[in-house]
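So you can see what is in the structure, the chains are spelled out below.
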Amino acid sequence: GESVGLHLPTLSVQEGDNSIINCAYSNSASDYFIWYKQESGKGPQFIIDIRSNMDKRQGQRVTVLLNKTVKHLSLQIAATQPGDSAVYFCAETNDYKLSFGAGTTVTVRA
Amino acid sequence: DARVTQTPRHKVTEMGQEVTMRCQPILGHNTVFWYRQTMMQGLELLAYFRNRAPLDDSGMPKDRFSAEMPDATLATLKIQPSEPRDSAVYFCASGLHRGTLFGPGTRLLVL
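Bear in mind the structure is a predicted one, so any value in this text is a computation, not a measurement.

**What to know about the interface of chain A and chain B**
Then, in step 1: Facing the 16 residues of chain A at the interface are 20 residues of chain B.
Then, in step 2: In total, about 1,500 Å² of surface goes out of reach between chain A and chain B, with carbon and sulfur atoms giving 53% of it.
Then, in step 3: For chain A, the biggest contributors to the area lost against chain B are Tyr96, Lys97 and Phe100 of chain A; these three give 36% of the whole.
Then, in step 4: Joining chain A to chain B, the criterion identifies one salt bridge.
Then, in step 5: Among the salt bridges present, the one from aspartate 56 of chain B reaches lysine 97 of chain A, with a minimum N-O distance of 3.1 Å.
Then, in step 6: The tally of links between chain A and chain B comes to four residue pairs in polar contact (both at pLDDT 80 or more).

**A closer look at the state of the cysteines**
The bond known as a disulfide is covalent and runs between the sulfur atoms of two cysteines.
Then, in step 1: Throughout the structure, instances matching the rule amount to two disulfides over all chains.
Then, in step 2: Residue pairing for cysteine 23 of chain A: its cysteine sulfur links by disulfide to cysteine 90 of chain A, the two sulfurs lying 1.9 Å apart. Torsion about the S-S bond of the cysteine 23 of chain A and cysteine 90 of chain A cystine: about 55°, corresponding to right-handed handedness. In this pair, cysteine 23 of chain A sits in strand 3 (residues 19–25) while cysteine 90 of chain A sits in strand 9 (residues 86–94), placing the two residues 67 residues apart along the sequence.
Then, in step 3: The side chain of cysteine 23 of chain B participates in a disulfide bridge whose partner is cysteine 92 of chain B; the two sulfur atoms lie 1.9 Å from each other. Looking down the S-S bond of the cysteine 23 of chain B and cysteine 92 of chain B bridge, the torsion is -60°, so its handedness is left-handed. Highlighted residues: cysteine 23 of chain B in strand 3 (residues 19–24) and cysteine 92 of chain B in strand 9 (residues 88–96), separated in sequence by 69 residues. Here the two residues cysteine 23 of chain B and cysteine 92 of chain B agree in accessibility, since each one is buried.

Here is what the cut-offs are and how they apply
The residue numbering used here restarts from 1 in each chain and proceeds along that chain's sequence as written. To label them, take the chains in the order written and letter them from A, then take the ligands in the order written and number them from 1. Given that this is a predicted model, residues contribute local features only at a pLDDT of at least 70 and side-chain atom pairs are listed and counted only at 80 or more, while totals for whole chains, interfaces and linings are drawn from all residues. In computing side-chain properties, one takes all heavy atoms of the structure into account and sets aside hydrogens as well as water. We call two residues contacting when some pair of their heavy atoms lies within 4.5 Å. Summed over both partners, the accessible surface that disappears when two parts come together, traced with a 1.4 Å probe, is what is meant by buried area. Between Lys or Arg on one side and Asp or Glu on the other, a salt bridge is scored when a side-chain nitrogen of the former is within 4 Å of a carboxyl oxygen of the latter. Whenever two N or O atoms come within 3.5 Å, that pair is a polar contact, provided that in protein one can donate a hydrogen and the other can accept it, and provided that, for residues adjacent in sequence, both atoms are side-chain atoms. For the purposes of this analysis, a disulfide is any pair of cysteine sulfur atoms at a distance within 2.5 Å. Runs of E in the DSSP output that reach at least two residues are strands. Runs of H or I that reach at least four are helices, and both are numbered from the N terminus. We call a residue buried when its accessible area falls under 20% of the maximum for its residue type, exposed when it is over 50%, and partly exposed in between, using a 1.4 Å probe and counting protein chains only.

Keep in mind that these numbers describe shape and distance, not what the molecule does.
Below is the structure:
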């Protein structure tokens, strides 16, 4: 069946360090994989996506890696800042329908 | 920045009452979604529309939930009658090709 899940529910990181958030998926037919950030009291905010035929994509301070062999997705945040504290969701999409994982709560320590 | 708007932002009601949530998708976006978020179930897709036509509402309890798009600028989600287990945050989202954008959500509490 379909499932998108995150390896760890919480991550604590020192300000300025790099963060890595991991996600495992099971549906190989998904056309895109997406990372969302959700701050308290707000809706999920699009961070970055990657097409299923790619293995790496970079944005501003973020990099998404896709390993289709082991069905693994990761989000790397460079030089983590206090504003990066949030819940991060990976999602996969087919025909634009999003299936979300459970979320990882990232806390940035000053 | 174009944004998805939702009203009301908060709603407290009693069991058995009708609840109507409204969403204004981003102009030009042809796909509109309704998601529900709870601590136990996470983010679940309830229904979605493309070009105002319902494509999938399999995530909704059909006996009490209904979703419509009367026009391209308005999507509605109704619950009648509401139950305490419907308490959740309901998100509307809209998209064009990729990059689904979410609204701020309606936080619903059914007593």
